[in-house]
Amino acid sequence: MLYAIISQDIEDSLAQRKQARPRHLNRLDLLQKQGRLILAGPHPATDNDDPGDAGFTGSLVVAEFESVDVAQQWADADPYVEAGVYASVIVKPFKQVFP
């Protein structure tokens, strides 16, 4: 089943994001290679693809996992969690309708 992992950043998370980003992307790359990643990306803090120093306010990952518990374990092990980037993380089932 698909799950949405919706993360909210702490204030001024850009420095922590930059430090943990390579490890974070490696995990997403693995999901993609396994054919389980539907989409992933950050929420820019401004209405711009490149928010510069404004940084990001959170992230969204939609991927296939065996269960909500497995998805939660994957989310809890994210390098952004370890680095203190996220203030909160919500994991919930997701039903893709389009496309």
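Residues numbered from 1 in each chain as written. Predicted model: local features only at pLDDT ≥ 70, side-chain atom pairs only at ≥ 80, totals over all residues. Heavy atoms only, no water.

A.B. asks: Whenever I open this one, the packing of aromatic side chains confuses me. Can you help?
C.D. replies: Working definition: an aromatic ring pair is given by the centre-to-centre distance plus the angle between the planes. Using the criterion set out here, one finds two aromatic pairs in the structure. Where Phe65 meets Trp74, the ring centres are 5.6 Å apart and the plane angle is 50 degrees; that geometry is what we call tilted. Per residue, the accessibility class of Phe65 equals that of Trp74, and both read buried. With centroids separated by 5.6 Å and ring planes inclined at 85 degrees, the aromatic side chains of Tyr80 and Tyr86 adopt a geometry described as edge-to-face. There is no split in this pair, since Tyr80 and Tyr86 are both buried. The ring of Trp74 is capped by Arg27, whose NZ or CZ atom sits 4.1 Å from the centre of that ring. (Phe/Tyr/Trp six-rings, centres within 6.5 Å; stacked < 30°, edge-to-face > 60°. Buried < 20%, exposed > 50% of the residue type's maximum accessible area, 1.4 Å probe, protein only. Lys NZ or Arg CZ within 6 Å of the ring centre and 35° of its normal.)

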